[in-house]
Amino acid sequence: MYICMCNAVTDHDIRREAAGGVHTFAELQARTGCSDCCGCCEQEARATFDQALSQFTCSLPLATA
């Protein structure tokens, strides 16, 4: 589903960036252009990004010493 119509950024794009190591919304904006034009998508883009980050960090194995 398209999240940012101005820059054609999809929810898949956002999840891929989170899985690829993007940790901040500002970094997501720099890499995809998401929510840097009209700003109408910012709330949905942030929610999608936050959800992707939480899913990605929950799936990482715990380090053992």
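As a reminder, the structure under discussion sits directly above these lines.
Residues numbered from 1 in each chain as written. Predicted model: local features only at pLDDT ≥ 70, side-chain atom pairs only at ≥ 80, totals over all residues. Heavy atoms only, no water.

A. Quick peek at the side chain of serine 35. Assignment of secondary structure puts serine 35 in the loop between helix 2 (25-32) and helix 3 (42-58). If sequence neighbours within four positions are ignored, serine 35 has contacts with Cys4, Phe25, Gln29, Cys41 and Glu42. (Helix = DSSP H or I, 4+ residues; strand = E, 2+ residues; numbered from the N terminus. Contact = heavy atoms within 4.5 Å.)

B. Geometry of the nonpolar core. With 14 residues, the main nonpolar core has Ile14, Leu28, Cys34, Ala45 and Phe49 as its most contacted residues. Sorting the residues of this core by element identifies strand 1 (2-4), helix 1 (11-19), helix 2 and helix 3 as the ones contributing at least two each. Broken down by element, this core gets its largest block of residues, four residues, from helix 3. Those residues in contact with cysteine 34 that sit more than four places away from it in its chain are Cys4, Asn7, Val9, Ile14, Gln29, Cys41 and Ala45. (Core = buried A, V, L, I, M, F, W, Y, C linked by side-chain atoms within 4.5 Å. Buried < 20%, exposed > 50% of the residue type's maximum accessible area, 1.4 Å probe, protein only.)

C. How the structure looks around the pattern of salt bridges. With the rule as written, the count across this model stands at four salt bridges. Aspartate 13 is paired through a salt bridge with arginine 16; the nearest N and O atoms lie 3.1 Å apart. With a gap of three residues between them, aspartate 13 and arginine 16 both fall in helix 1, about one helical turn apart. A relative accessible area of 16% places aspartate 13 in the buried class. Close ionic contact of glutamate 17 with arginine 31 constitutes a salt bridge, the shortest N to O distance being 2.6 Å. Of the two residues, glutamate 17 sits in helix 1 while arginine 31 sits in helix 2, which places them 14 residues apart along the sequence. Residue class for glutamate 17 comes out buried when judged on its relative accessible area of 11%. For arginine 31, a relative accessible area of 52% translates into the label exposed. (Salt bridge = Lys/Arg side-chain N within 4 Å of Asp/Glu carboxyl O.)

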